[in-house]
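Geometric and topological summary
Here is how the chains run, residue by residue.
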Amino acid sequence: MAKILTHPAAAAALLAALAVSAPATASAAPANASSAATSCYGGAVTVNYGDAAEFGPYTTTSRCADINLRMVGGDAEFVWACVKFTRVGECNYWTKVGRTWKTIATDVKDGSTFTVPLGVDLEGSSARVQIAF
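Keep in mind that what you see is a predicted model, and the values were worked out from it rather than measured.

To continue, consider the sheet that holds strand E3 (residues 67-73). Two orientations exist for strands paired in a sheet by backbone hydrogen bonds: parallel and antiparallel. Pairing within the open sheet is antiparallel, and its four strands lie in the order E1-E9-E3-E7. The open sheet has two free edges, formed respectively by strand E1 (45-49) and strand E7 (102-105), since each of these has just one partner strand. In this sheet, adjacent strand axes meet at a mean angle of 35° when their direction is disregarded. Here E3 pairs with strand E9 (residues 127-132) via five bridges, running antiparallel. When the sheet's bridge partners are listed, Arg70 is paired in E9 with Gln130.

Below you can see the structure in the form of structure tokens.
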């Protein structure tokens, strides 16, 4: 038969003991897409088309799930970009990229080595781009 505590101090002491010994349950807060994007883009490298036409090699990390690119300067209206994975040796597909972030390869495995060949809209145009991976 269970005992019922009738003394307020004894009941309070029992509740305090239970609270200390009960396992804590943690709930993960949902990831904020904005902060994840900031982290990914915060690690971007900046390169100038004209210094080279193919940039890298780079190795993907857990910072970004995709490989992203955007123009941040130059007189070109856009660039054409692709991802050339070292293990494959060929471009995945060419993507037209302007001045906002654009994904040029999706769901990339961490530790993948790649280069990024670029082309500009008009011969002689310049472009400064950022690559986030």
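Below, the discussion takes up the environment of Val120. Structurally, the position occupied by Val120 is in strand E8 (residues 113-120). Residue class for Val120 comes out buried when judged on its relative accessible area of 16%. For the pair Val120 and Glu77, spaced 43 residues apart in the sequence, the C-alpha separation amounts to 8.1 Å. Setting aside residues up to four positions removed in sequence, Val120 forms contacts with Tyr49, Ala76, Phe78, Val79, Ser125 and Ala127.

This structure, assessed with the given rule, holds one salt bridge. Note that Lys84 and Glu54 form a salt bridge whose closest N and O atoms lie 3.5 Å from each other. With Lys84 in strand E5 (residues 84-85) and Glu54 in strand E2 (residues 54-59), the pair connects residues that are 30 residues apart, well separated along the chain.

Glancing now at the state of the cysteines. Going through the model one piece at a time under the given rule, you end up with two disulfides. Paired by a disulfide, Cys40 and Cys64 hold their sulfur atoms 1.8 Å apart. Note on the Cys40 and Cys64 pair: the S-S dihedral is about 110°, so by sign convention the disulfide is right-handed. Of this pair, Cys40 sits in helix H2 (residues 33-42) while Cys64 is found in the loop between E2 and E3, placing the two residues 24 residues apart along the sequence. In this structure Cys40 comes out as buried when scored by relative accessible area, which is 8%.

Glancing now at the side chain of Thr60. With respect to the helices and strands, Thr60 occurs in the loop between E2 and E3. Here Thr60 falls in the buried class, since its relative accessible area comes to 6%. Among the polar contacts made by the side chain of Thr60, one reaches the main-chain carbonyl oxygen of Lys109 at a distance of 2.7 Å. Beyond its immediate sequence surroundings of up to four residues, Thr60 is in contact with Ile67, Val108, Lys109, Asp110, Gly111, Ser112, Phe114 and Phe133.

Turning next to the packing of aromatic side chains. The geometry of an aromatic ring pair is captured by two quantities: the separation of the ring centres and the angle between the planes. Under the definition given, this model contains six aromatic pairs. Between Phe114 and Phe133, the aromatic rings sit 5.4 Å apart at their centres with planes inclined by 80°, giving edge-to-face as the arrangement. Linking Phe114 in strand E8 with Phe133 in the segment after E9, this pair joins segments that are 19 residues apart in sequence. Note on accessibility: Phe114 and Phe133 belong to one class, buried. These aromatic residues form a ring-pair network of at least three members: Tyr58, Phe85, Phe114 and Phe133. One residue, Arg63, lies across the ring of Phe133, its end atom 6.0 Å from the ring centre.

About the thresholds
Residues numbered from 1 in each chain as written. Predicted model: local features only at pLDDT ≥ 70, side-chain atom pairs only at ≥ 80, totals over all residues. Heavy atoms only, no water. Pairing = 2+ DSSP bridges. Helix = DSSP H or I, 4+ residues; strand = E, 2+ residues; numbered from the N terminus. Axes fitted to C-alpha atoms, helices over the stretch in contact; angles between N-to-C directions. Buried < 20%, exposed > 50% of the residue type's maximum accessible area, 1.4 Å probe, protein only. Contact = heavy atoms within 4.5 Å. Salt bridge = Lys/Arg side-chain N within 4 Å of Asp/Glu carboxyl O. Disulfide = S-S within 2.5 Å. Polar contact = N/O pair within 3.5 Å; in protein donor to acceptor, adjacent residues only side chain to side chain. Phe/Tyr/Trp six-rings, centres within 6.5 Å; stacked < 30°, edge-to-face > 60°. Lys NZ or Arg CZ within 6 Å of the ring centre and 35° of its normal.

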